[in-house]
Amino acid sequence: MAVRLVSGDYTLLFKDGGVEVHRDGKMLYDNRRPMFVTVKTVFAVNEFYDGAYDDVAEDGGRVVAGGVLTVPSGSMFAFMDTYEAAGTGFKVSRRVKVLRAADDLGFSTKISFVMAESDDPRDYWCFAPGVWYKQNEFAPDTVIGKDLDCEYFWRMETCYALPLFAMQHTRSGETASLSRWAADVTMPSTDILRAENHTDPKCTTGAIGMSRPESLTLNYMYYGFPVRKPFETKVDGLSIDYVYPGCDGQLPSQNRFLGLDYRGKTKSFRRINHPVVDGFEQHYAVAVQFGRYDSFQRMMRDNWRIVYERMRDRLFEVDNERHFHNCMKHLERYTRKYGDSYGLPFAAQLPHMDISTVSFQFGFVGQQPGIGYLLLRYGDMTGDAESREKGIGILDFWVRTAMTESGLPHMCYNPNIQGFEPYPHYVRMLADGIEAILDAYLYMRGRGEERADWLDFCRKTADWLVKMQNEDGSFYRAYNTDGSVRMDSKSNTPSVIRFLVQFHLATGEEKYKTAALRAGEWAYDNNYRNLEYRGGTCDNLDIQDKEAGIYALFGFLALYDLTGGAKWLEAAVGAADYTETWTYAWSYPVRTPWPKHPFNHYSISGQSIITIGGGADVYMAACSYTYYRLYLITGDEHYLDFAEFLHKNTRQSTDVDGSIGYAMPGIGHESGNFTSQTLQSHYHWLPWCTFVQAEPLLRLYDTFGVFEIADAQKLSPEERARRNRIYDGLSGSAG
């Protein structure tokens with residue numbers, strides 16, 4: 001008689017030493033031979049073998065299955081797998097012990113389920129947070145999932161914002177997902193270097209993905225030649241996999257070794273093994289989730305939230321009011337006059353703020369007008385005349401010098417040459433700077449101080465946008481100074497929506513509202529519905545990224561604030577759900593090369609992946625206020641939790657209290673890559689690093705009168721809702 005285990009609509013059926021997954025009597029997934037091992041042979045190539053369970057038994061509501069798998073070399077591996085219903089899915093706990101070590105150099109094991117509906121990767125949308133969305137059509141050519149003719153699609157789980165991989169059949173909507181059960185990764189060996197196929201007894205990190213291998217070895221020589229040798233194991237089809245310890249591959253790569261005879265399509269496959277030593281044991285556990293969804297977005301959202309709830313890191317302890325003051329004192333200290341210009345250095349090396357470059361950017365990583373606005377506000381908040389003077393100095397400088405004949409401001413000023421650098425006019429960078437100048441104008445107008453030149457600067461840009469808007473409502477990614485098109489992708493269209501909305505409210509002129517709504521229509525169909533969030537970072541290719549999602553969220557929410565339209569709230573929620581999946585909500589240990597670095601004391605949670613295939617930074621700090629507002633509008637408690645998480649854990653790459661030993665409290669590093677668990681970073685500060693932490697704190701204070709979300713929650717629901725109508729009182733006629 002078959003043994004069964006049920007969770008919701010899905011049943012695990014154990015028979016003939018294998019396991020099947022059924023829904024409504026239909027088999028959707030199976031694994032006929034669940035005991036699976038890949039061995040690194042004495043020839044240093046990898047062969048895989050599998051077998052059915054020898055024994056399956058019920059045990060107090062759980063199912064315990066196991067057996068012994070012997071590979072051709074004579075090495076023997078004992079498996080014991082425990083299955084149980086857990087939450088809305090299943091938990092699989094595995095123990096593997098080396099019973100006999102023969103002539104093998106290493107091994108790994110795998111928990112997997114074969115897809116019954118199709119063995120073609122093109123029939124599935126995949127989701128791996130910050131790594132894979134749908135079929136990665138907007139990803140660079142060098143990342144996993146771009147070449148669907150590969151056999152292996154595995155990434156180390158440290159690359160994922162949460163250790164989660166999901167596969168959704170594009171027609172039926174049936175979805176299977178695997179995730180690590182707990183955030184219990186430890187440090188790998190630090191006295192060896194990770195290589196193409198090495199053995200590390202201390203590695204506790206897995207890899208998650210899918211595979212459809214041939215019964216051949218697959219190891220790449222250093223110049224890309226694949227070493228392929230047949231062996232006896234049969235492959236049943238395409239499977240979703242959790243591999244332990246982990247690996248990265250197959251990944252497209254470039255052939256760096258010219259002058260060789262090999263001219264094939266090069267790839268890489270970097271494997272980690274455990275030693276084949278008598279008595280060595282593996283212990284790990286995964287969550288298995290099944291569901292049926294009518295859209296990728298809903299599948300992504302639900303699977304992210306399930307794992308988030310289980311694995312979200314503890315909240316970091318920080319005094320955000322103190323942090324705001326530290327940030328502002330830091331910005332004030334490093335803002336100065338350079339000849340006839342005001343600004344902050346482009347970059348400074350840590351830990352001593354050794355200034356390496358002086359150049360000013362209108363937005364993006366420079367955020368000069370935005371910092372000018374913050375300094376102006378801080379000066380008035382604290383009675384600090386120097387801060388106010390520096391803030392106005394920055395704003396006046398850009399208004400006085402940056403406008404071009406076309407109505408498109410320059411983007412980058414270099415005081416060394418007393419002129420502007422040759423730099424594309426990115427719509428995203430334009431949005432950063434022009435919004436800040438408008439915010440500053442509206443603030444001063446509210447104090448009875450009219451700054452007509454600031455308004456005129458904003459009007460020229462707003463009129464340029466209206467004039468340059470495409471027939472379909474979109475804008476191009478970047479323009480030349482004369483207004484001609486520099487980059488013809490349209491995916492950054494949402495960047496300017498919030499500015500157009502606010503300029504309409506500031507002036508009362510309908511043409512700006514019309515332009516904002518037209519841009520919103522394009523963004524709704526393309527960014528939101530097609531998940532075309534790409535090109536948001538100006539120094540990267542036009543590829544899928546996080547910041548395009550952030551600016552879509554800002555734009556859609558501005559349209560909802562303006563109109564109250566359900567369509568715009570739907571799109572804002574969609575952008576928010578996508579964008580948060582780039583945030584490291586879990587944590588694992590990371591070492592740094594420097595004695596003075598926050599990661600030596602704090603965790604990596606709160607950092608966020610920049611682009612697919614890129615490193616991680618702290619830009620999600622810019623969103624804590626917005627997710628809190630979204631919670632107040634929707635009542636969705638998850639957004640409250642995530643807002644609090646961003647409001648606190650994004651501070652962990654910063655010297656929040658001076659204890660790290662940086663030049664001043666409030667300083668943090670720009671970005672880095674820590675997926676190997678050793679931080680690789682420029683170890684420098686750029687102005688945006690401080691700006692994105694201070695700016696939402698000021699917005700929270702302006703709206704709710706507090707610096708902590710927990711304190712805003714103490715206001716009555718009616719008072720919070722009233723204050724959350726942020727455009728009330730903004731309408732008017734200016735100029």
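Refer to the structure printed above.
Overview of the structure. (Residues numbered from 1 in each chain as written. Predicted model: local features only at pLDDT ≥ 70, side-chain atom pairs only at ≥ 80, totals over all residues. Heavy atoms only, no water.)

### Remarks on the overall build of the protein chain
For the protein chain, the count of helices and strands is 15 helices and 38 strands. Rg of the C-alpha trace for the protein chain: 27 Å, near the compact-globule value of 27 Å for 735 residues, within the 12% margin. Expressed along its principal axes, the backbone C-alpha trace of the protein chain runs to roughly 85 × 55 × 50 Å. Here the protein chain, with 735 residues, has 63% of them falling under the buried criterion. Of the contacts formed within the protein chain by residues at least 6 apart in sequence, a portion of 69% connects residues at least 24 apart. For the protein chain, the accessible surface area stands at approximately 26,300 Å², while carbon and sulfur atoms represent 47% of it. Across the protein chain, 77 positive and 95 negative side-chain charges occur, with their mean positions spaced 1 Å apart. (Helix = DSSP H or I, 4+ residues; strand = E, 2+ residues; numbered from the N terminus. Rg over C-alpha atoms; globule rule 2.2 N^0.38 Å. Buried < 20%, exposed > 50% of the residue type's maximum accessible area, 1.4 Å probe, protein only. Contact = heavy atoms within 4.5 Å. Areas by Shrake-Rupley, 256 points an atom, 1.4 Å probe, with all protein chains shown as cover. Lys, Arg positive; Asp, Glu negative; His and termini not counted. Charge placed at Lys NZ, Arg CZ, Asp CG, Glu CD.)

### Some thoughts on the pairing of strand S18 (residues 207-211)
Judged by how many residues are buried, S18 sits mostly within the fold: 5 of 5 residues are covered. Side chains Ala207, Gly209 and Ser211 of S18 all project onto a buried face; the interleaved residues Ile208 and Met210 project onto the opposite face, where all are buried too. Summarising the sheet, strand S14 (residues 152-156) and S18 pair through 5 bridges and their orientation is antiparallel. Its bridge partner being in S18, Arg155 is matched across the sheet by Ile208. Where S18 lies against strand S21 (residues 239-244), 5 bridges are found, and the strand directions are antiparallel. Within the sheet, the bridge partner assigned to Ala207 lies in S21 and is Val243. (Pairing = 2+ DSSP bridges.)

### Observations regarding the environment of Gly339
Its location among the elements puts Gly339 in the loop between strand S25 (336-338) and strand S26 (341-343). Placed 77 residues apart in sequence, Gly339 and Asn416 show a C-alpha to C-alpha distance of 8.8 Å.

### Considerations on helix H11 (residues 624-634)
Of all 11 residues in H11, 8 are buried; the element is thus mostly enclosed. Looking only at H11, the buried set comprises Ser624, Tyr625, Thr626, Tyr627, Tyr628, Arg629, Leu630 and Tyr631. Along its buried surface, H11 packs onto helix H9 (547-563), helix H10 (566-580), helix H12 (637-649), helix H13 (687-704), helix H14 (709-712) and helix H15 (717-723). Positive phi appears at Gly635, one or two residues downstream of H11, with a value of about 75 degrees.

### Digging into a nonpolar patch on the surface
A cluster of nonpolar residues, Met221, Tyr222 and Phe225, forms a patch on the protein surface that exposes about 310 Å² of accessible area. Residue placement: Phe225 occurs in the loop between strand S19 (219-220) and strand S20 (226-227). Residue Phe225 is classed as partly exposed on the basis of its relative accessible area of 37%. (Patch = residues over 30% accessible without salt bridge, like charges linked within 9 Å, V, L, I, M, F, W, Y side chains within 5 Å. Salt bridge = Lys/Arg side-chain N within 4 Å of Asp/Glu carboxyl O.)

### Focus on the sheet that holds strand S38 (residues 684-685)
Taken together, the 3 strands give an open sheet; going across it, the order is S28-S27-S38, and neighbouring strands pair in antiparallel fashion. Sheet topology places strand S28 (354-357) and S38 at the edges, where each strand pairs with a single neighbour. Where strand S27 (residues 347-349) lies against S28, 3 bridges are found, and the strand directions are antiparallel. What sits directly across from Gln349, in S28, is Asp354.

### Focus on the packing of helix H8 (residues 510-528) against H10
Where H8 meets H10, the closest approach of the two axes is 11 Å, and the angle between their N-to-C directions is 45 degrees. The pairing of H8 with H10 is recorded here as oblique in orientation. In the crossing of H8 with H10, the sense of the turn from one axis to the other is left-handed. Along the contact surface, H8 presents Leu517, Gly520, Glu521, Tyr524 and Tyr528, while H10 presents Lys567, Trp568, Glu570, Ala571 and Gly574. A per-class count over the contact of H8 with H10 returns 5 nonpolar, 2 polar and 3 charged. (Axes fitted to C-alpha atoms, helices over the stretch in contact; angles between N-to-C directions. Parallel < 35°, antiparallel > 145°, perpendicular 65-115°, else oblique. Left-handed = near helix turned anticlockwise from the far one by under 90°. Nonpolar A, V, L, I, M, F, W, Y, C, P; charged D, E, K, R; others polar.)

### Looking at the pattern of salt bridges
Summed over the entire model, instances satisfying the criterion amount to 54 salt bridges. Between Arg171 and Asp123 there is a salt bridge whose closest N-O contact spans 3.6 Å. Here Asp123 lies in the loop between strand S11 (104-115) and strand S12 (124-128) and Arg171 lies in the loop between strand S15 (164-169) and strand S16 (174-180), a separation of 48 residues in the sequence. Notably, a salt bridge pairs Asp561 with Arg629, separated by 2.8 Å at the nearest N-O pair. One end of the pair, Asp561, is in helix H9; the other, Arg629, is in helix H11, with 68 residues separating them in the sequence. Judged by relative accessible area, Asp561 falls into the partly exposed class, the value being 22%. A single network of salt bridges, built from pairs that share partners, joins Asp9, Arg23, Asp24, Glu174 and Arg292.

### As for the nonpolar core
Counting 171 residues, the largest nonpolar core has Trp454, Phe556 and Tyr627 as its most contacted members. Broken down by element, the residue count for this core peaks at 12 residues, all from helix H5 (residues 427-446). Residues contacting Phe556, with those up to four places away along its chain left out, are Gly520, Ala523, Tyr524, Tyr528, Trp568, Ala571, Ala572 and Ala575. In terms of nonpolar packing, the next biggest core, distinct from the first, is built from 71 residues, Leu12, Tyr244, Phe280 and Val286 among them. (Core = buried A, V, L, I, M, F, W, Y, C linked by side-chain atoms within 4.5 Å.)

### Points about the pairing of strand S23 (residues 267-273)
Among the 7 residues in S23, 5 count as buried, and that is most of the element. Sheet topology places strand S17 (residues 197-199) next to S23; 3 bridges connect them, and they run parallel. Along S23, the bridge assignment pairs Asn197 with Arg271. Here strand S22 (residues 247-252) runs beside S23; their pairing, made up of 5 bridges, is antiparallel.

### Some details on the environment of Phe642
In this structure, Phe642 sits in helix H12. Judged by relative accessible area, Phe642 falls into the buried class, the value being 0%. Remark: the alpha-carbon pair of Phe642 and Gly370, spanning 272 residues in sequence, is separated by 25 Å.

### Quick look at the side chain of Lys91
Mapping Lys91 onto the fold places it in strand S10 (residues 89-100). The buried charged residue Lys91 lacks any salt bridge, with Glu84 as its nearest oppositely charged partner at 4.6 Å. Leave out the neighbours within four places in its chain, and Lys91 touches Thr82, Tyr83, Glu84, Ala86, Trp181, Ala285 and Val286.

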